[in-house]
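# Close look at the chain arrangement
Residue-level listing of the chains:
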Amino acid sequence: MPLSEAEELEKNDAPREDDAENVLSVKGITVGFGSKIILQNLDLDVKRGEVLGFVGGSGTGKSVLMRAILGLTPKRAGSISVFGHDLSSASEKQRKTIERRWGVLFQQGALFSALSVKQNIQVPMREHLKLSPRLMDELATLKLELVGLPQDAADKLPSELSGGMVKRASLARALALDPDLVFLDEPTSGLDPIGAAAFDSLIAKLSSTLGLTVYMVTHDLDSLHSICDRIAVLGQKRVLAIGTLDDMMKNDDPWIKSYFRGERAMRRA
Ligand SMILES: Nc1ncnc2c1ncn2[C@@H]1O[C@H](COP(=O)(O)OP(=O)(O)OP(=O)(O)O)[C@@H](O)[C@H]1O
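This text gives an overview of the structure that appears in the document. Since this is a predicted model, take the numbers as computed values, not measurements. (Residues numbered from 1 in each chain as written. Predicted model: local features only at pLDDT ≥ 70, side-chain atom pairs only at ≥ 80, totals over all residues.)

## Points about the overall build of the chain
The line we're drawing: Each helix is a run of H or I in the DSSP string that is no shorter than four residues. Each strand is a run of E no shorter than two, and both are numbered from the N terminus. Only C-alpha atoms enter the radius of gyration, while the globule expectation follows 2.2 Å times N to the 0.38, with N the number of residues. Our exposure labels follow a C-beta count within 10 Å of each residue's own C-beta, placed from the backbone: buried means 20 or more other C-beta atoms, exposed means 12 or fewer, and partly exposed covers the counts in between. In this description, any two residues whose backbone-derived C-beta atoms lie within 7 Å of each other are considered to be in contact.
Of the regular secondary structure elements, the chain holds eleven helices and ten strands. In summary, the chain has a C-alpha radius of gyration of 19 Å against a globular reference of 18 Å for 269 residues, a match within 12%. Projecting the C-alpha coordinates of the chain onto the three principal axes gives extents of approximately 55 × 45 × 35 Å. Residue burial in the chain is summarised as follows: out of 269 residues, 36% are buried. Partitioning the contacts of the chain with sequence separation of at least 6, the portion at a separation of at least 24 is 68%.

Right under this line is the structure:
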């Protein structure tokens, strides 16, 4: 009898012991474009069930790192393990199984403009699952509810939605396959403070009720304060520091100090 995809994964690439704690483990990765090195020998662990906020100056490589983890940008060295499985040695089939367990919300939402919200949510279902149209409609309805969108949003085009609704629709698409891990690239950018706070609460609620692990690139100090269990700071081509907000407040690196204890941070206090 042929092995299921999950059995295939187990058989060929047994999870390492630290899988129990780390959903994602990046070891010594280097990424560059031409002669420009963006990330060098970078290490990062993301723990199961945590909300990790990722910050860093503009252009330090936060999006590049996320894209490298997702396999969209090639790395020159190092290894990336997700759910205990090394992505470089995974077969295509194993990779697909791993991809089914993560969801991604790209910057600006990245919804397909010619597809309705419902069809956008169903894109990952079409790619990874074989379901009847009726079941896919039922699932899309559930996802809309989960992210707090009204059912009449289902047949709208992205251009007919407000910025906050686009973010929610993108989140619904990221959650389409009931992932264990979600990557969010600046989910609250472009939202007004009330919309951003509502989106933060939604992420916190989903993380606690669904046990989701959240990897969130953000510039939003409010998000860092309100929902992140840990914060990682990218700088000098690596993770400069990782820890709780308290740890960041005590850190004396000049960039970290000005970010967390500078004028902007003090204004929000
Ligand atoms: N495909 C590419 N080819 C060449 N250079 C690239 C490419 N993608 C990104 N870069 C460069 O890599 C660097 C890091 O970019 P990245 O978008 O990851 O920064 P970021 O930390 O996400 O910035 P921001 O906070 O402004 O979004 C930048 O100098 C960018 O120009």
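## Brief notes about the sheet that holds strand β2 (residues 36-47)
Applicable threshold: In this description, strands pair whenever DSSP reports at least two bridges between them. Where helices are involved, their axes are fitted lines through C-alpha atoms of the stretch in contact, as for all axes, and angles between N-to-C directions lie from 0 to 180°.
Here we have four strands laid out as an open sheet, ordered β2-β1-β4-β5, and antiparallel in their pairing. Looking at which strands have only one partner, the edges of the open sheet turn out to be β2 and β5 (85-86). Across the sheet, helix α2 (residues 62-69) is in contact with β1 (22-33), β2 and β4 (77-82); its angle to β1 comes to roughly 115°.

## Here we look at the sheet that holds strand β10 (residues 238-243)
Read across the sheet, six strands follow the order β6-β7-β8-β3-β9-β10 without closing on themselves; strand pairing throughout is mixed. Every interior strand has two partners, whereas the edge strands, β6 (102-105) and β10, have only one. On average, each strand axis in the sheet is tilted by 15° relative to the strand beside it, whichever way the strands run. When strand β3 (residues 51-56) meets strand β8 (residues 213-217), the two strands line up parallel, connected through four bridges.

## Quick notes on the nonpolar core
Cut-off, in case you're wondering: Throughout this description, the term nonpolar core refers to a group of buried Ala, Val, Leu, Ile, Met, Phe, Trp, Tyr and Cys residues whose C-beta atoms join them within 7 Å.
Membership of the largest hydrophobic core comes to 64 residues, with the highest contact counts inside it found for Leu-52, Val-182, Val-214 and Tyr-215. Excluding its chain neighbours within four sequence positions, the residues that come into contact with Leu-52 are Val-46, Val-214, Tyr-215, Met-216, Cys-228, Asp-229, Arg-230 and Ala-232.

## Overview of the packing of helix α4 (residues 117-128) against helix α5 (residues 133-146)
The following threshold applies: Angle categories: roughly parallel below 35 degrees, roughly antiparallel above 145, roughly perpendicular from 65 to 115, and oblique for all the rest. By definition, any crossing whose near helix is turned counterclockwise from its far helix by less than a right angle is left-handed, and any crossing with a clockwise turn is right-handed. Polarity classes work like this: nonpolar for Ala, Val, Leu, Ile, Met, Phe, Trp, Tyr, Cys and Pro, charged for Asp, Glu, Lys and Arg, and polar for all others, with Gly in that last group.
Here α4 crosses α5 at 115°, and the two axes come no closer than 9 Å. As judged from the angle between their axes, α4 and α5 are roughly perpendicular. Crossing angle aside, the handedness with which α4 passes α5 is right-handed. The residues of α5 that touch α4, namely those facing Lys-118, Ile-121, Gln-122 and Met-125, are Met-136, Leu-139, Ala-140 and Lys-143. Residue composition of the contact of α4 with α5, by class: five nonpolar, one polar and two charged.

## Observations regarding the site of the ligand
Put simply, the test is: For each residue, a C-beta position is placed from the backbone atoms; the residue is near a molecule or strand when that point lies within 6 Å of it.
Surveying the vicinity of the ligand reveals the residues Phe-33, Ile-38, Gly-56, Ser-58, Gly-59, Thr-60, Gly-61, Lys-62, Ser-63 and Val-64. The element that contributes the greatest number of residues to the shell around the ligand is α2, accounting for three residues. Each residue belonging to the shell around the ligand can be placed in one class, and the counts come to three nonpolar, six polar and one charged.

## Observations regarding the environment of Leu-149
Relative to the assigned elements, Leu-149 resides in the loop between α5 and α6 (163-174). Sequence separation of Leu-149 and Leu-111 is 38 residues, and the distance between their C-alpha atoms is 15 Å.

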